[in-house]
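Survey of secondary and tertiary structure
So you can see what is in the structure, the chains are spelled out below.
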Amino acid sequence: MENTWQYQGTEPIKINKYLQSLGMGHRLFNDLKNGQGEFLVDHRQVRPTTKILPNQPLTVIAQPEPRDQAVKLSDQPLDIAYEDDNWLVINKPAGVTSIPGPSVDNGTILNRAVNYLVQQGSPDQRPHLITRLDRYTGGLLLIAKHHVASSMISQQVQQHKMLKEYTAFVSGTFNDDHGIINRPIARREGQAQRVIAEDGQKAVTEYWVEEQKANWAKLRVQLHTGRTHQIRVHMAAIGHPLIGDHLYGGDTSRYQHQRLWATKISFQDPFTLTQRTFTCPIPQE
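One structure accompanies this document, and this report is about it. Because the structure is predicted, anything quoted here is derived from the model rather than measured. (Residues numbered from 1 in each chain as written. Predicted model: local features only at pLDDT ≥ 70, side-chain atom pairs only at ≥ 80, totals over all residues. Heavy atoms only, no water.)

**Structural notes on the nonpolar core**
Basically, it comes down to this: Among buried residues, the Ala, Val, Leu, Ile, Met, Phe, Trp, Tyr and Cys ones that are joined through side-chain atoms within 4.5 Å form a nonpolar core. Exposed residues in this analysis have more than 50% of their type's maximum accessible area, buried residues have under 20%, and partly exposed residues fall in between, with area computed by a 1.4 Å probe over protein chains only. Helix and strand labels come from DSSP, where a helix needs a run of H or I of at least four residues and a strand needs a run of E of at least two; each type is numbered from the N terminus. The contact criterion used is simple: two residues touch if any of their non-hydrogen atoms lie within 4.5 Å.
In this structure, Ile15 and Leu19 are the most contacted members of the largest nonpolar core, which totals 33 residues. Among the secondary structure elements, those contributing two or more residues to this core are helix 1 (15-22), helix 2 (26-36), strand 3 (37-41), strand 6 (57-62), strand 8 (87-92), strand 10 (138-144), helix 4 (147-158) and strand 17 (260-269). Setting aside chain neighbours within four positions, we find isoleucine 15 in contact with Phe29, Phe39, Val41, Val46, Arg47, Pro48, Thr50, Ile52 and Leu58. Residues Val96, Val209, Leu242 and Leu260 belong to the second largest nonpolar core, which totals 31 residues.

See below:
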């Protein structure tokens with residue numbers, strides 16, 4: 001994989017410092033300088049300690065990642081909302097698992113993405129899921145097509161700078177149109193269910209009421225942290241479980257799984273240095 005940036009600074013800067021400012025992790029940089037890649041300035045190979053000057057182009061060439069043979073190939077379709085050399089944005093159907101596990105080892109988004117890259121003849125055949133969704137949560141999911149993209153975006157994920165919004169249908173009605181839930185979430189030993197607990201991990205969910213009827217409400221929800229089942233746990237904790245969410249006490253009289261969709265994702269593209277924003281509608285049901 002080859003990517004080029006035009007340095008826009010005003011003072012000379014070492015390659016490692018510049019790439020770090022773009023988001024590249026230390027581990028990847030060390031791999032590149034230790035034989036798994038090359039650095040080119042003005043199309044000439046240079047040492048990783050080289051300083052680049054204002055307006056000089058820096059090209060990073062990384063060795064491709066071969067396919068993980070343990071991941072099975074699936075020819076089931078991918079609903080691709082956006083694609084370029086670095087990213088795949090997928091509209092995941094509810095009911096499809098994100099990654100293989102003990103109960104589902106094929107047909108997941110990862111199996112389908114690997115097969116897609118293989119069929120495309122891509123030299124990089126080990127996609128990295130940057131965001132994941134519960135099996136019965138549908139909507140947008142971001143995939144890095146190679147390990148350089150995965151490394152470059154990881155800082156935004158860790159620092160919760162990636163905007164992730166959801167549409168949720170919950171039981172009950174609200175007196176206020178806006179709220180923030182700040183309650184730590186912990187695992188329950190041996191169970192899939194998460195719980196609110198003082199010794200849990202920090203979890204912050206913000207929501208806006210967009211519509212409500214006699215006994216339900218439609219919410220726009222933004223995650224400020226990324227805990228497993230976060231929206232489901234937080235909504236249940238304030239007495240508004242997601243409709244259809246059997247795990248957290250939601251009304252299952254009409255739907256058997258949570259009514260939740262990832263409808264917006266926005267991030268700073270470390271390759272183009274532009275903001276990328278993607279949205280998708282919820283299914284007409």
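Moving on from the coordinates now.
**Some points on the packing of aromatic side chains**
To be explicit about the condition: Classification of ring pairs rests on two measures: the distance between centres of Phe, Tyr or Trp rings, Trp counted by its six-membered ring, which must be within 6.5 Å, and the angle between planes, read as stacked under 30 degrees, edge-to-face over 60 and tilted in between. The criterion is that NZ of a Lys, or CZ of an Arg, lies within 6 Å of the ring centre and within 35 degrees of the ring normal, and then a charge sits over that ring.
For the structure on display, the rule yields ten aromatic pairs. Judged by centre distance (5.1 Å) and plane angle (70°), the rings of tyrosine 7 and tyrosine 18 are edge-to-face. Remark: tyrosine 18 occurs in helix 1 and tyrosine 7 occurs in the loop between strand 1 (2-6) and strand 2 (13-14); sequence separation between them is eleven residues. Side by side, tyrosine 7 and tyrosine 18 carry an identical accessibility label, which is buried. Here the aromatic cluster, defined as three or more aromatic residues joined through ring pairs, consists of Trp5, Tyr82, Trp87, Phe267, Phe271 and Phe278. It is arginine 220 that lies over the ring of tryptophan 208; its NZ or CZ is 4.1 Å from the centre. Across the ring face of tyrosine 255, the terminal group of arginine 259 is positioned such that the distance to the ring centre comes to 3.9 Å.

**Some remarks on the environment of glutamine 156**
In this fold, glutamine 156 is placed in helix 4. The class of glutamine 156 is buried, set by a relative accessible area of 12%. Taking the C-alpha atoms as reference points, glutamine 156 and phenylalanine 267, 111 residues apart in sequence, are found 7.8 Å from one another. Once residues within four sequence positions are removed from consideration, glutamine 156 is found in contact with Lys161, Met162, Phe267, Gln268 and Pro270.

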